[in-house]
Amino acid sequence: MIKKEKFHVEYIFDNVSRRSLWNHLTSALGLSAWFADEVNISGNTYTFRWNKEKQQAKIIDIKPETSVRFQWVDEEDKKAYFGFTIHSIELTGATALEITDFSEPGEKTDSIDLWDSQIEDLKRTLGI
């Protein structure tokens, strides 16, 4: 098994409500607007669909309107997960979204590029 590397990326959102951002990170409707083509939720299990590909993730930790961590059901590295944390930037009052993810060695840049692209979609759906 290949050990994955943990990384963090942070994105700043001006003029977005914390609740609206949270809904886009945890609801089927919100996630299907930017993260996947279709999202179904059953308890703590989220099923994500992209074209014909389907993947399931379970919520492994949640702090309402602050943070959520998902782990892919088929993930071999039991320490690997992807998570979203929302916090405020004191100086500006802006809202920051920190993403924690894991990538295989040598794929970190590609993973960050993918998040950058996804977050652009998220900002569009939030009207930013």
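Residues numbered from 1 in each chain as written. Predicted model: local features only at pLDDT ≥ 70, side-chain atom pairs only at ≥ 80, totals over all residues. Heavy atoms only, no water.

Caption draft 1: Structural view of helix 3 (residues 108-125). With 18 residues, helix 3 should cover 26 Å at 1.5 Å per step; its first-to-last C-alpha distance of 26 Å lies within 8% of that length. Listed as buried for helix 3 are Ser-111, Trp-115, Gln-118, Ile-119, Leu-122 and Lys-123. The buried residues of helix 3 occupy an angular sector of 145° when projected down its axis, which confines them to one face. Exposed side of helix 3, more than 90 degrees from the buried face: Thr-109, Asp-110, Leu-114 and Arg-124 are the residues found there. Tucked inside the fold, the buried residues of helix 3 contact strand 1 (5-13), helix 1 (18-26), strand 6 (82-88) and strand 7 (95-103). (Helix = DSSP H or I, 4+ residues; strand = E, 2+ residues; numbered from the N terminus. Expected span 1.5 Å × (residues − 1). Buried < 20%, exposed > 50% of the residue type's maximum accessible area, 1.4 Å probe, protein only. Arc of directions from axis to C-beta. Contact = heavy atoms within 4.5 Å.)

Caption draft 2: Main features of the side chain of Asp-101. Turning to its location among the elements, Asp-101 is positioned in strand 7. Separated by 2.8 Å, the side chains of Asp-101 and Trp-115 make a polar contact. Apart from the residues within four sequence positions on either side, Asp-101 is in contact with Glu-5, Lys-6, Phe-7, Tyr-81, Phe-82 and Trp-115. (Polar contact = N/O pair within 3.5 Å; in protein donor to acceptor, adjacent residues only side chain to side chain.)

Caption draft 3: View of the environment of Arg-19. Tracing the backbone shows Arg-19 in helix 1. Residue Arg-19 is classed as exposed on the basis of its relative accessible area of 52%. Residues Arg-19 and Lys-63, spaced 44 residues apart in sequence, show a C-alpha to C-alpha distance of 13 Å. Within the local environment of Arg-19, its side chain forms a polar contact with the side chain of Glu-65, the two groups lying 2.8 Å apart.

Caption draft 4: Inspection of the pairing of strand 7 at higher detail. The buried count for strand 7 comes to eight of nine residues, which makes it a mostly enclosed element. Strand direction decides the pairing type here: strand 1 and strand 7, joined by nine bridges, are antiparallel. Counted as the bridge partner of Glu-5 is Ser-103 from strand 7. Here strand 6 runs beside strand 7; their pairing, made up of six bridges, is antiparallel. Looking at strand 7, one finds that Ser-88 is bridged to Thr-95. Linkage of strand 6 to strand 7, two consecutive antiparallel strands, is achieved through a turn of six residues, within which Gly-93 is found at a positive phi near 80°. (Pairing = 2+ DSSP bridges.)

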